[in-house]
Amino acid sequence: QVQLVESGGGLVQAGGSLRLSCAASGRTFSSMGWFRQAPGKEREFVAAISWSGGVTYYADSVKGRFTISRDHAKNTLYLQMNSLKPEDTAVYYCGASPNFPTRSEYEYGYWGRGTQVTVSS
């Protein structure tokens, strides 16, 4: 059974940092990604990474502040978030896909339940 479990969310002041983790079990995936959904808004793309880690994509809003990475030995995906802003407040979801990394959430067939990130001003 495939499972994705996010962790690492919390409350942080603006300018602070958090590292999210997504532990995968049941199989390995060609690509993985992070999405987020703020209250009253649709889920949006944050970052994606290929199997090798050689290909990464970022939303313009997080480029230069967030870094996506993965550890195959632990079958875990990470999102290092620095210089956090109040507008980064959202539930962050981990997604997994058997295909090439993409910004489209419809390409991700597996999802975790999310972890809340709250950035105070």
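Coordinates for the structure precede this section.
Note that the coordinates shown come from a computational prediction; the quantities given were computed from them, not determined experimentally.

Scoring rules and cut-offs
- Residues numbered from 1 in each chain as written.
- Predicted model: local features only at pLDDT ≥ 70, side-chain atom pairs only at ≥ 80, totals over all residues.
- Heavy atoms only, no water.
- Buried < 20%, exposed > 50% of the residue type's maximum accessible area, 1.4 Å probe, protein only.
- Helix = DSSP H or I, 4+ residues; strand = E, 2+ residues; numbered from the N terminus.
- Pairing = 2+ DSSP bridges.
- Axes fitted to C-alpha atoms, helices over the stretch in contact; angles between N-to-C directions.
- Contact = heavy atoms within 4.5 Å.

Focus: the pairing of strand E8 (residues 76–81)
- Counting buried positions over the six residues of E8 gives five, a clear majority of the element.
- Bridging between strand E3 (residues 18–25) and E8 involves six bridges; their strand directions are antiparallel. Looking across to E8, one finds that Ala23 is bridged to Thr76.
- Looking at chain direction, strand E7 (residues 66–71) and E8 are connected through six bridges and run antiparallel. Paired with Phe66 across the strands is Met81, a residue of E8.
- Linking E7 back to E8 in an antiparallel pair, the connection comprises four residues, with Asn75 at a positive phi of about 50°.

A few points about the sheet that holds E8
- Overall, antiparallel pairing links the four strands, which are arranged E1-E3-E8-E7 in an open sheet. Among the strands making up the open sheet, the edge pair consists of strand E1 (3–7) and E7. Looking at each pair of strands side by side, their axes are set apart by 15° on average, direction ignored.

Some points on the environment of Phe29
- Mapped onto the elements of the fold, Phe29 is located in the loop between E3 and strand E4 (31–37).
- Sequence spacing of Phe29 and Asn99 is 70 residues, and the spatial spacing of their C-alpha atoms is 8.1 Å.
- Not counting residues up to four positions away in its chain, the partners in contact with Phe29 are Val2, Leu4, Ala24, Trp51, Arg70, Ala96, Ser97 and Tyr110.

Details of the pairing of strand E5 (residues 44–49)
- Counting buried positions over the six residues of E5 gives five, a clear majority of the element.
- Here E4 pairs with E5 via five bridges, running antiparallel. Each bridged residue has a counterpart across the sheet, and for Phe35 the counterpart in E5 is Phe45.
- Hairpin remark: E4 followed by E5, antiparallel, with six residues in the connecting loop; positive phi at Gly40, about 75°.
- Where E5 lies against strand E6 (residues 56–58), three bridges are found, and the strand directions are antiparallel. Residue pairing in the sheet places Ala48 in a bridge with Tyr57 of E6.
- Between E5 and E6, which pair antiparallel in sequence order, lie six residues; one of them, Gly53, sits at a positive phi of approximately 85°.

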